Amino acid sequence: RNTNLQIDGHIRGTINNLRGNDVEINLADGTSLAGNFTSRNLAVKQEEFLTLDLKNFTTRVRTLRQLIPNFNPPANFDKLGRLAFDGSFIGFFVDFVANGNLRTDLGRASMDMQMVLTEGAQRARYSGNLNLADFDLGGWTNNPTFGLVNFNSKVEDGFGLTGDLASAKLTAAIESITIKDYTYENATITGQLNKNFFNGDMSIKDENIDFAFTGEIDFTDSIPKFDFNAELNRLALQPLNLSTADLVLQGDIELKLRNTQFSKMDGDVSLANIKLTKNKEEEYEIEYIRAFTFFDQNGEKVFRLDSDIARGEIRGAYDLNELPASLQLFLLRNYPGF
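Residues numbered from 1 in each chain as written. Predicted model: local features only at pLDDT ≥ 70, side-chain atom pairs only at ≥ 80, totals over all residues. Heavy atoms only, no water.

A few words now on the overall build of the chain. Helix and strand counts for the chain stand at three helices and 19 strands. In terms of overall dimensions, the chain has a C-alpha envelope of 90 × 45 × 35 Å along the principal axes. The burial tally for the chain puts 36% of its 338 residues in the buried class. Counting contacts in the chain only where the partners sit at least 6 residues apart, residues at least 24 apart contribute 33% of the total. Within the chain, the 47 negative side-chain charges are centred at a point lying 6 Å from the centre of the 34 positive side-chain charges. (Helix = DSSP H or I, 4+ residues; strand = E, 2+ residues; numbered from the N terminus. Buried < 20%, exposed > 50% of the residue type's maximum accessible area, 1.4 Å probe, protein only. Contact = heavy atoms within 4.5 Å. Lys, Arg positive; Asp, Glu negative; His and termini not counted. Charge placed at Lys NZ, Arg CZ, Asp CG, Glu CD.)

Glancing now at the packing of aromatic side chains. Applying the stated criterion across every chain yields a total of seven aromatic pairs. Ring geometry for F77 against W140: centres 5.1 Å apart, planes inclined by 70°, an arrangement best described as edge-to-face. Note that F77 is positioned in the loop between α1 (61-67) and β5 (83-92) and W140 in helix α2 (residues 137-141), a separation of 63 residues in sequence. Taking 6.5 Å as the distance between ring centres and 65° as the angle between the ring planes, the aromatic pair formed by F330 and Y335 counts as edge-to-face. A relative accessible area of 46% places F330 in the partly exposed class. A residue is classified by how much of its surface remains accessible, and Y335, at 48% relative accessible area, is partly exposed. Of the aromatic side chains, those joined through ring pairs into one cluster are F77, F135 and W140. The ring of F49 is capped by R40, whose NZ or CZ atom sits 4.3 Å from the centre of that ring. (Phe/Tyr/Trp six-rings, centres within 6.5 Å; stacked < 30°, edge-to-face > 60°. Lys NZ or Arg CZ within 6 Å of the ring centre and 35° of its normal.)

This part is about the nonpolar core. Judged by nonpolar contacts, the single largest core of 58 residues is most densely connected at L117, F135, V149, I174, Y184, I209 and F211. Sorting elements by how many residues they give to this core places strand β14 (residues 225-236) first, with five residues. Setting aside chain neighbours within four positions, we find F211 in contact with M202, S203, I204, A230, E231 and L232. (Core = buried A, V, L, I, M, F, W, Y, C linked by side-chain atoms within 4.5 Å.)

Looking at where D210 falls in the secondary structure, it is placed in strand β13 (residues 209-218). Of the side chains bearing the opposite charge, K205 lies closest to the buried D210, which forms no salt bridge; the N-O distance is 4.2 Å. Excluding residues that lie within four positions of it along the chain, D210 makes contacts with I204, K205, E231, L232, N233 and R234. (Salt bridge = Lys/Arg side-chain N within 4 Å of Asp/Glu carboxyl O.)

Here the focus is unusual backbone geometry. The backbone of N186 sits at a positive phi, close to 60°, despite the residue not being glycine. With respect to the helices, strands and loops of the structure, N186 is situated in strand β11 (residues 182-194). Within the chain, N273 stands out as a residue other than glycine whose phi angle is a positive 55°. Looking at the secondary structure, you find N273 in strand β16 (residues 266-278). Classification of N273 by relative accessible area gives exposed; the value is 52%.

These values are about where atoms sit, not about what they do.
In structure tokens form, the structure reads like this:
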């Protein structure tokens with residue numbers, strides 16, 4: 001509406017039921033479409049039906065918001081920039097099946113997906129397959145910790161396109177993902193995503209990390225919760241850019257915690273069969289470590305450690321994040337020689 005269209009091709013039928021062959025459509029904002037189509041009820045609101053065989057469709061998300069009723073995805077979709085799609089589309093504007101290949105400014109995708117938007121993007125229903133190739137996850141999330149990702153995924157019973165409502169059954173094989181300048185390979189994820197709650201399994205195995213996880217991660221409330229078991233066969237910290245020292249860890253982990261801030265955290269962590277290798281020569285073995293953190297009835301913070309090599313308890317008003325620096329300062333003042 002209120003814009004100029006340039007149309008070429010062979011078009012026949014009534015306005016309400018058009019067919020087109022070798023059609024090219026261009027909008028003033030650079031949006032262009034080339035292919036064949038059939039349609040019906042184009043003049044009947046919410047009953048518009050379209051079948052497209054697209055040789056090329058080039059546009060941007062801001063144009064799609066204007067073209068598709070009730071289509072208003074989150075703002076980071078605009079970061080995709082110029083969209084170039086070839087494939088097919090069949091259905092209503094708010095209830096369709098699409099498959100094909102998509103090229104964006106952040107990477108490439110191929111898809112075979114059904115989506116229902118009759119209740120808007122927040123309550124969208126969807127299922128299908130989505131594959132990403134060299135997709136810039138850091139640009140998408142505005143988080144420089146992440147880099148490129150390549151993965152194949154299957155989504156079933158999807159609902160909602162925003163974090164506060166999204167839920168789906170998810171199966172994904174991550175061929176590669178870059179985090180903190182290290183590229184992880186051969187990761188798999190299966191589970192149920194419900195809003196900001198994930199319950200499932202994850203495993204990854206390459207030369208520097210061999211890790212299997214099963215459990216729950218819950219970000220639905222303001223205070224996140226973690227409840228999972230993990231089998232850590234190998235974690236080389238230095239090549240993963242997690243430590244400047246040459247350290248390799250292995251062991252079994254059982255974790256039940258609330259919150260991500262040490263000073264406010266409560267719960268327990270159990271480690272067993274721990275082995276630490278330093279500089280490929282020094283080896284340290286610990287049978288078990290159990291750590292508990294909670295607040296007592298007086299509101300004091302309690303941190304308790306139980307292990308085959310050490311036992312202890314810290315109780316009082318303190319911030320665990322600041323404790324190492326405080327302890328170092330105490331030793332410096334009272335035992336400067338040490």
